[in-house]
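The primary structure of each chain is shown beneath.
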Amino acid sequence: DQQVKQNSPSLSVQEGRISILNCDYTNSMFDYFLWYKKYPAEGPTFLISISSIKDKNEDGRFTVFLNKSAKHLSLHIVPSQPGDSAVYFCAASVNAGGTSYGKLTFGQGTILTVHP
Amino acid sequence: NAGVMQNPRHLVRRRGQEARLRCSPMKGHSHVYWYRQLPEEGLKFMVYLQKENIIDESGMPKERFSAEFPKEGPSILRIQQVVRGDSAAYFCASSPGFGNQPQHFGDGTRLSIL
C-alpha cells in the first residue's frame, strides 16, 4: 500500500531553470509533509517542510506547495544548480496535537539531474 | 548529516550470524527512528523509540529483529540469524519530539549478507 507516491523516477533540467518535483498521497490523516535530498552513500538531508494548515512554505531557492483537496504537494527549486543533482524524497506523517513525532512515510524518490 | 552518528558504516555478515547496528541521536534529541532502504526503493519505517521505551514497532519484521534505546548509550538495531534479504541500508533518524521539528538522519549502515 503505497501511501506516498512520486510518479516521476527522474527529472532533468538546465542550470538556472526551475525544477518541479511532485508527490501525491492517499492518506487524508497526513498533516505534516517534508522534502529530503539524498546523495549516494549518505543519509537524507532535510530540505523543507509544510504543515497542512498552510499551502505554501518558502526557504531560499526552495518552495513547497500543498494542495490538500488534490492530496498533492510539489517542490520548486529556483534557480536550479548542478549541486542540486540528487535523489529527492517526499515524506509525510500524522501529527498528534501539533507535535511532529511519529513515523515518516516516504515516496520512492525522484532523481534530479541539473545540467550545466 | 552531522549530529546523528551511526556505526558501523558498512557491515558484512554471513548468513546465520547476528548484526548489531548502533545509532547515537543528535544532542538534545530523545526520539529515535529506524528506517530500511532496499535497493531501488524508498525508505521504509521500522521502529520508533524513546529512552527505554518502544513507541511504535509496526514496521519491524515479527521475527529476528529487535531494537532498544537504553537509558545510557546508543540505540541498537539487532538482527539475529541474518538472511540474504536483510541486505539493505539501515538509517537512523532523531528528533526532539516536540513542535513541528523534522527528523534528522544519519549516514546509514550498509549491511551486506554473504
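Whatever comes next refers back to the structure up there.
Residues numbered from 1 in each chain as written. Chains lettered and ligands numbered in written order. Predicted model: local features only at pLDDT ≥ 70, side-chain atom pairs only at ≥ 80, totals over all residues. Heavy atoms only, no water.

**Details of the state of the cysteines**
Applying the stated criterion to the full structure yields 2 disulfides over all chains. The side chain of C23 of chain A participates in a disulfide bridge whose partner is C90 of chain A; the two sulfur atoms lie 1.9 Å from each other. Between C23 of chain A and C90 of chain A, the disulfide has an S-S torsion of 60° and is therefore right-handed. With C23 of chain A in strand β3 (residues 19-25) and C90 of chain A in strand β9 (residues 86-93), this residue pair connects regions lying 67 residues apart in the sequence. The same class applies to C23 of chain A and to C90 of chain A, which are both buried. The side chain of C23 of chain B participates in a disulfide bridge whose partner is C92 of chain B; the two sulfur atoms lie 1.8 Å from each other. Looking down the S-S bond of the C23 of chain B and C92 of chain B bridge, the torsion is -55°, so its handedness is left-handed. Of this pair, C23 of chain B sits in strand β3 (residues 19-24) while C92 of chain B sits in strand β9 (residues 88-95), and the two are 69 residues apart along the sequence. Classification of C92 of chain B as buried rests on a relative accessible area of 0%. (Disulfide = S-S within 2.5 Å. Helix = DSSP H or I, 4+ residues; strand = E, 2+ residues; numbered from the N terminus. Buried < 20%, exposed > 50% of the residue type's maximum accessible area, 1.4 Å probe, protein only.)

**Comments concerning the interface of chain A and chain B**
Taken together, the contact between chain A and chain B spans 24 residues of the former and 27 residues of the latter. In total, about 1800 Å² of surface goes out of reach between chain A and chain B, with carbon and sulfur atoms giving 51% of it. Inspection of the chain A/chain B interface yields 0 salt bridges. Scanning the region where chain A abuts chain B turns up 5 residue pairs in polar contact (both at pLDDT 80 or more). Here the side of chain A that touches chain B gets 4 residues from one element, more than from any other, and that element is strand β4 (residues 32-38) of chain A. (Contact = heavy atoms within 4.5 Å. Buried area = accessible area lost by both parts, 1.4 Å probe. Salt bridge = Lys/Arg side-chain N within 4 Å of Asp/Glu carboxyl O. Polar contact = N/O pair within 3.5 Å; in protein donor to acceptor, adjacent residues only side chain to side chain.)

**Overview of the pairing of β9 of chain A**
Residue and element names in this part refer to chain A. For β9, a buried count of 7 out of 8 residues is recorded, marking the element as mostly surrounded by other parts of the structure. Alignment of β4 against β9, held across 7 bridges, turns out to be antiparallel. Bridging across to β9, Y32 finds its partner in S93. Bridge count for β9 against strand β11 (residues 110-115) is 3 bridges, and the pairing is antiparallel. Bridge assignment links Y88 to a residue of β11, and that residue is T110. Examined bridge by bridge, β9 and strand β10 (residues 105-106) share 2 bridges and lie antiparallel to one another. Within the sheet, the bridge partner assigned to A91 lies in β10 and is F106. (Pairing = 2+ DSSP bridges.)

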